Amino acid sequence: MRTGRTGTVATLAGALAFAAFTAPAAEAADTGITVSKMVVNSGKPIVVGTTEKKRPGVRFHVSWSAGHSLSDVDADPYLYHGTTARKGADHGGIYLSSMTCYEDGPRAADCTGELYIEPRYTLDSNNDATNWKVGAAARVWGANGRPKSEEYLPALATAQVKRAARATVNASPEPVAKGKTLTVTGRLTRADWVKHSYTGYGGKAAKLQFRKAGTSTYTTVKIVKANSTGSLRTTVKAASDGYWRWTFGETSTTGGATAAGDYVDVK
């Protein structure tokens, strides 16, 4: 942490955040540091695409034993899964980008910061769409700038990481005669963290919704399941001018998506 009462920001960059953890090794020991009230991304899932960097917020409370101060303790949070807190601190995790701490009495502080996710480097498997554990690398520093003791606090909270999704729509013909058949197509895709592109979300059910011109509410007309490539296709009778769209909700691994409405003029 190494911050003062004024909350000096300790800024790191992406995966380089844990370069701080490669400081001269200390003997693993109980540091007397306690972390509580850990919240990541305001408790909401972290939805990640293929290129956009994400900086989910993190906040927590930290306290330490007598004889130390905020300036000589560290409690740096990170996310990990499928391994131990110790191994997750070294590789395969989501690490701290920046943090600010303010003292709350002589032996405690409230901290806020940001984690850093670069999809091309942080996430290399679609199995990363899962619940991650939140750990913290705790250190007590000596006067010589070397850590006196360190430990890796496990499972302080959980954070769900999901694959971003997209939906498209096209209703035709445009315009269409009233009472005639309107064909509505579209495609559902989601982030593939191995291919670094959006690929078909096959087998996913989506709602076809309609909003009549001059109104603000969409109504579900029918539910259609996408084929193996994520494509959607159905027909409806044209009744009035308005907007058509496909939408679906999030799952345990994937965020939801809603297409922008496609307007059709009914003659």
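Every value quoted in this text rests on a predicted model; they were computed, and no experiment measured them. (Residues numbered from 1 in each chain as written. Predicted model: local features only at pLDDT ≥ 70, side-chain atom pairs only at ≥ 80, totals over all residues. Heavy atoms only, no water.)

Engineer: Describe the packing of aromatic side chains, with residues and values.
Structural biologist: Enumeration over the complete set of coordinates arrives at 4 aromatic pairs. Centroid distance Tyr201 to Phe248: 5.8 Å. Interplanar angle 75 degrees. Geometry classified as edge-to-face. One end of the pair, Tyr201, is in the loop between β12 (197-200) and β13 (205-212); the other, Phe248, is in strand β16 (residues 242-248), with 47 residues separating them in the sequence. There is no split in this pair, since Tyr201 and Phe248 are both buried. Taking the centre distance of 5.0 Å and the plane angle of 55 degrees together, the rings of Tyr243 and Tyr263 count as tilted. (Phe/Tyr/Trp six-rings, centres within 6.5 Å; stacked < 30°, edge-to-face > 60°. Helix = DSSP H or I, 4+ residues; strand = E, 2+ residues; numbered from the N terminus. Buried < 20%, exposed > 50% of the residue type's maximum accessible area, 1.4 Å probe, protein only.)

Engineer: How would you sum up the nonpolar core? Please name residues and give values.
Structural biologist: Of all hydrophobic cores here, the largest spans 35 residues; its most connected members are Ile33, Val35, Val40, Ile46, Phe60, Val62 and Leu79. Counting residues per element, the ones that place at least two in this core are β2 (34-40), β3 (46-48), β4 (57-63), β5 (73-80), β6 (95-103), β7 (108-116), β8 (131-141) and β9 (147-163). Looking at this core element by element, the count peaks at 5 residues for β8. With sequence-adjacent residues up to four places away left out, Leu79 is seen in contact with Val40, Ile46, Gly93, Ile94, Leu115, Trp132, Lys133, Val134 and Ala159. In terms of nonpolar packing, the next biggest core, distinct from the first, is built from 24 residues, Ala171, Val184, Phe210 and Phe248 among them. (Core = buried A, V, L, I, M, F, W, Y, C linked by side-chain atoms within 4.5 Å. Contact = heavy atoms within 4.5 Å.)

Engineer: Can you break down the sheet that holds β9 residue by residue, with the values?
Structural biologist: Strand order in this open sheet of 4 strands is β3-β9-β8-β5, and the pairing throughout is mixed. With partners counted over all chains shown, the strands left at the sheet margins are β3 and β5, one partner each. This sheet shows a mean twist of 35 degrees between the axes of neighbouring strands, independent of strand direction. Where β3 meets β9, 3 bridges bridge the pair, whose relative direction is parallel. Across the sheet, the residue bridging to Val48 is Arg163, located in β9. (Pairing = 2+ DSSP bridges. Axes fitted to C-alpha atoms, helices over the stretch in contact; angles between N-to-C directions.)

Engineer: Account for the environment of Thr189, with residues named and values stated.
Structural biologist: With respect to the helices and strands, the residue Thr189 is situated in strand β11 (residues 181-192). Thr189 gets classed as buried once you look at its relative accessible area, which sits at 9%.

Engineer: I'd like a rundown of the environment of Thr183, residues and numbers included.
Structural biologist: Relative to the elements of secondary structure, Thr183 occurs in strand β11. With 53 residues separating them along the chain, Thr183 and Val236 place their C-alpha atoms 6.6 Å apart. Each residue touching Thr183, except ones within four places of it in the same chain, is listed here: Asn170, Ala171, Ser172, Arg233, Thr234 and Thr235.

Engineer: Before we move on, can you summarise the layout of surface pockets with the specific residues and values?
Structural biologist: Volume-wise, the second largest pocket comes out at about 170 Å³. Every residue lining the second largest pocket is listed: His81, Gly82, Thr83, His91, Gly92, Tyr121, Thr122, Asp124, Asp128 and Trp132. In terms of residue class, the lining of the second largest pocket is built from 2 nonpolar, 6 polar and 2 charged. (1 Å grid on protein atoms, 1.4 Å probe; cavity = no way out; pocket = protein on both sides within 12 Å on 5 of 7 lines; lining within 4 Å. Points joined across faces, edges and corners; volume = space filled by probe spheres on them. Nonpolar A, V, L, I, M, F, W, Y, C, P; charged D, E, K, R; others polar.)

Engineer: How would you summarise the state of the cysteines if you had to cite specific residues and measurements?
Structural biologist: Inspection of the entire model under this criterion finds 1 disulfide. The disulfide partner of Cys101 is Cys111, and the S-S distance across this bridge is 2.1 Å. Taking the sign of the torsion about the S-S bond as the criterion, the disulfide between Cys101 and Cys111, at about 115 degrees, is right-handed. Of the two residues, Cys101 sits in strand β6 while Cys111 sits in strand β7, which places them 10 residues apart along the sequence. As far as the burial class goes, Cys101 and Cys111 line up, both buried. (Disulfide = S-S within 2.5 Å.)

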